[in-house]
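Spelled out, the chains give:
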Amino acid sequence: MALSKLPLYSVIFFFFLYTSLSISSQALSSKIAVAQIKDQQDNEPFLGINIGEDVSNLMSATELVSFLQFQKITHIKLYDADPDILKALAKTKIRVIISVPNNQLLAIGSSNTTAASWIGKNVVAYYPQTVITAIAVGDEVLTTVPSSAPLLMPAIESLYSALVAANLHNQIKISTPHSASIILDPFPPSQSFFNQSWISVIQPLLQFLSKTGSPLMMNFYPYYVFMQNKGVVPLDNSLFKPLKPSQEMVDPNTLLHYTNVLDAMVDAAYFSMRSMNFTDVVVLVTESGWPSKGDSKEPYATIDNADTYNSNLIKHVLDRSGTPLHPEITSSVYLYELFNEDLRSPPVSEANWGLFHANSTPVYLLHVSGSGTFLANDTTNRTYCIVMDGVDSKTLQAALDWACGPGRANCSEIQPGENCFQPNNVKNHASYAFDSYYQKQGRAAGSCDFKGVAMITTTDPSHGSCIFPGSKKITNEARTVVNTTSPSNGAGGSRLTSFYSSRISAVDKALKTFLTIIFSILLYIPFMMILR
């Protein structure tokens, strides 16, 4: 009798085992989901970009968002809360800071109802489909519209209360961007302090930022520091160019060495906060850039300087090297700006801060190769090796034979029937073979010569379905980057979460399959005993 009950007990035991394991796997999957949500937070320094709309023939919101995605731009800052853009951003994972224009401060700062309405209309209506990360209340209020300064904190507090009511205060931060001029005596940084005229606003603001975990938003422009201090601040220091130790700026009080102006400006903000006993507020650089064109009084507003500054700034942020005072903290930076705002008033430089023209063509090509996925606007590292014009066929054939033979170039694509066989001539085939060898050699110096019959070009020689090795390499690198890098965080965490999630999923499926088989067998045994 006891033996006849054994299968039943076994069935019950394995049923509960299977159920508990299923529940455990579901709980573990839930934890993975939570980890993935946390992974979406901005725990690593990032690069964003400001989008001004003083542009003639500005592309539509849908076209703009598609352009942002193509350029791998994952963080943007708006100077308002444009409903068309916020709607178009839905489900894209692009993170956006929206802004309260200065002319709305009076209404919001004077009425909690107006603040709640603003949050409902511009935040609740879009979040979380559109990832709004912060609200910038006004823009350089203390220095551009000082008469509105008394309204700043009331507006911030009212908007925060509205976020609390909507239960969004932990997801969305509130702050206000400041001009660098609110910091006096910026160098050496250790002597910096906030303009005492604004302490009545800055003190409660820092208390609010500390309490809510929000950043101090600062607009920092080494360009203006250089222009206002020519002969004192070297151009190379402003452009992040490599310096000799003797050229570095040294803070005599801390003996910290500064190799660039931006780091000194960031540390000046930290020292200014420290002088007011605030050490837990991080600096977010909400604007920084360099103009590419200016008038006769702006000789340093050039394409070369703009390219150098922005390229080096991007590398500096993505290197995560921090500042001399805080090497453990790298401030995120929003570049100023995406498009040239041609409707801006003089001087000429005001209309020429953009990386792109309104028609989406680049103003200049950034040199940011190897510095992550920010911007597809870097084509400076795309070089190819092709045949020079005017080379006789006999010499060219000998070079082609060497490339496909001893040179071990991949010449399979120029065989009959393959994508690069046509046009069927020695020049076309040799160009493909030369580029294959050149790319395999890592584009090393001297690898595109072939006894003087080859040359390097930045123009992609691919045609039709024939993709040259240099373009294949770029395509593969881009695909690898997109597949392994989270748009808002370090790649490592995202890959790790994905890895464990897939492993758990596989184990879960295998375990369920195994227990189902055991369960079936245990049901089968008593059934057979009954038949007997």
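This text goes with the structure placed above it.
Before going into details, it helps to say that this report is about the structure given with it. (Residues numbered from 1 in each chain as written. Predicted model: local features only at pLDDT ≥ 70, side-chain atom pairs only at ≥ 80, totals over all residues. Heavy atoms only, no water.)

Attention shifts here to the sheet that holds strand β5 (residues 173-175). For sheets, the rule is that strands pair by backbone hydrogen bonds, running either parallel or antiparallel. If you trace the nine strands from one edge of the open sheet to the other, you get β5-β4-β3-β2-β1-β13-β12-β9-β6, paired in parallel fashion. The outermost strands of the open sheet, each flanked by one partner alone, are β5 and β6 (178-179). In this structure, strand β1 (residues 47-51) lies alongside strand β13 (residues 333-335), joined through three bridges in parallel fashion. Counted as the bridge partner of G48 is Y334 from β13. Relative to strand β12 (residues 283-288), helix α11 (residues 261-274) is tilted by about 140 degrees, and along the sheet it contacts β9 (216-219) and β12. (Pairing = 2+ DSSP bridges. Helix = DSSP H or I, 4+ residues; strand = E, 2+ residues; numbered from the N terminus. Contact = heavy atoms within 4.5 Å. Axes fitted to C-alpha atoms, helices over the stretch in contact; angles between N-to-C directions.)

Moving on, we come to helix α7 (residues 149-165). Because each turn of an α-helix spans 3.6 residues, side chains separated by three or four positions end up pointing in the same direction. When the terminal C-alpha atoms of α7 are compared, their 25 Å separation across 17 residues agrees well with the 24 Å that a helix rising 1.5 Å per residue should span. Residues of α7 that are buried include every one of A149, L151, L152, M153, A155, I156, S158, L159, Y160, A162 and L163, and no others. At the exit of α7 stands N167, carrying a positive phi of roughly 60 degrees. (Expected span 1.5 Å × (residues − 1). Buried < 20%, exposed > 50% of the residue type's maximum accessible area, 1.4 Å probe, protein only.)

Residue P347 is reached from P346 by a cis peptide bond, and omega for that bond is 10 degrees. Topologically, P347 is positioned in the loop between β13 and β14 (384-387). A cis geometry characterises the amide bond from Q422 onward to P423, with omega recorded as -5 degrees. Here P423 lies in the loop between α13 (393-404) and α14 (426-440). Even without being a glycine, K91 presents a positive backbone phi close to 65 degrees. Its place among the elements puts K91 in the loop between α3 (83-88) and β3 (95-100). Classification of K91 by relative accessible area gives exposed; the value is 74%.

Another aspect to go through is empty space enclosed by the protein. For the structure on display, the rule yields one cavity of 30 Å³ or more. Estimated volume of the largest cavity: approximately 90 Å³. Lining of the largest cavity is provided by 14 residues; of these, D263, H316, T323, T330 and S331 occupy positions nearest its centre. Only α11 and α12 (303-318) provide two or more residues apiece to the lining of the largest cavity. Split by residue class, the lining of the largest cavity holds seven nonpolar, six polar and one charged. (1 Å grid on protein atoms, 1.4 Å probe; cavity = no way out; pocket = protein on both sides within 12 Å on 5 of 7 lines; lining within 4 Å. Points joined across faces, edges and corners; volume = space filled by probe spheres on them. Nonpolar A, V, L, I, M, F, W, Y, C, P; charged D, E, K, R; others polar.)

Attention now goes to the side chain of T176. By the element assignment, T176 lies in the loop between β5 and β6. At 2.6 Å, the side chain of T176 and the backbone oxygen of V137 are in polar contact. Non-local contacts of T176, meaning those with residues more than four positions away in its chain, are made with V137, G138, L152, I156, L205 and M217. (Polar contact = N/O pair within 3.5 Å; in protein donor to acceptor, adjacent residues only side chain to side chain.)

This model, assessed by the stated rule, comprises three disulfides. With a sulfur-sulfur separation of 2.0 Å, C385 is cross-linked through a disulfide to C448. Because the torsion about its S-S bond is 85 degrees, the bridge between C385 and C448 counts as right-handed. One end of the pair, C385, is in strand β14; the other, C448, is in the loop between α14 and β15 (454-457), with 63 residues separating them in the sequence. (Disulfide = S-S within 2.5 Å.)

Tracing the chain through its elements places F450 in the loop between α14 and β15. Using a relative accessible area of 12% as the deciding quantity, one classes F450 as buried. The sequence separation of F450 and W402 amounts to 48 residues, and the corresponding C-alpha distance is 8.8 Å.

Attention shifts here to the pattern of salt bridges. Side chains that differ in charge, positive against negative, can pair when their charged atoms come close. Here the structure, examined in full by the defined rule, presents five salt bridges. Across the pair R320 and E44 runs a salt bridge, and its minimum N-O distance is 3.4 Å. Here E44 lies in the loop between α1 (2-39) and β1 and R320 lies in the loop between α12 and β13, a separation of 276 residues in the sequence. Classification of E44 as partly exposed rests on a relative accessible area of 27%. A salt bridge links R344 to E341; the nearest nitrogen and oxygen atoms lie 3.5 Å apart. The exposure class of R344 is partly exposed, given its relative accessible area of 32%. The exposure class of E341 is buried, given its relative accessible area of 2%. (Salt bridge = Lys/Arg side-chain N within 4 Å of Asp/Glu carboxyl O.)

Fair warning: the whole summary comes from geometry, so function is off the table for now.
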